[in-house]
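Structure at a glance
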Amino acid sequence: MKHVLLGVIALALSACFGQTEQTYTVDALTADEALLVKIIEECRNNPGELGETPNCRNAQAADGKLRLERMRKSLGG
């Protein structure tokens, strides 16, 4: 009975903390520009809370990578 009670308490506590946001890689964000734009907008609208999160850092890196690729293409490289 004690183990069942502990299981129920653990399950209830895990539900209280909610789900964490998915972290996207730089490659995933360069492949999905709509998602990249969405994350960049969110980060720019709330830099105090979101500015140093993994998604914001990865979005900045993906944005820079895409800009360099576009620059190379426009310069004929």
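The sections below set out a description of the structure shown in this document.

**What to know about the environment of asparagine 58**
- Mapped onto the elements, asparagine 58 comes out in helix H5 (residues 54-74).
- Taking the C-alpha atoms as reference points, asparagine 58 and leucine 36, separated by 22 residues in sequence, lie 9.2 Å from one another.
- Apart from residues no more than four positions distant in its own chain, asparagine 58 is found in contact with Thr23, Tyr24, Thr25, Val26 and Leu29.

**What to know about the pattern of salt bridges**
- If you walk through the whole model with that rule in mind, you get four salt bridges.
- Close ionic contact of lysine 38 with glutamate 42 constitutes a salt bridge, the shortest N to O distance being 3.7 Å. Pair noted here: lysine 38 and glutamate 42 are both in helix H3 (residues 33-45), with a separation of four residues, about one helical turn.
- In this structure, aspartate 63 and arginine 67 form a salt bridge, with 2.9 Å as the shortest nitrogen-oxygen distance. Taken together, the positions of aspartate 63 and arginine 67, both in helix H5 and four residues apart, correspond to about one turn of that helix.
- On the basis of relative accessible area, aspartate 63 is assigned to the buried category, the value being 16%.
- Under the relative-accessibility criterion, arginine 67 is labelled partly exposed at 48%.

Rules used in this analysis
Residues numbered from 1 in each chain as written. Predicted model: local features only at pLDDT ≥ 70, side-chain atom pairs only at ≥ 80, totals over all residues. Heavy atoms only, no water. Helix = DSSP H or I, 4+ residues; strand = E, 2+ residues; numbered from the N terminus. Contact = heavy atoms within 4.5 Å. Salt bridge = Lys/Arg side-chain N within 4 Å of Asp/Glu carboxyl O. Buried < 20%, exposed > 50% of the residue type's maximum accessible area, 1.4 Å probe, protein only.

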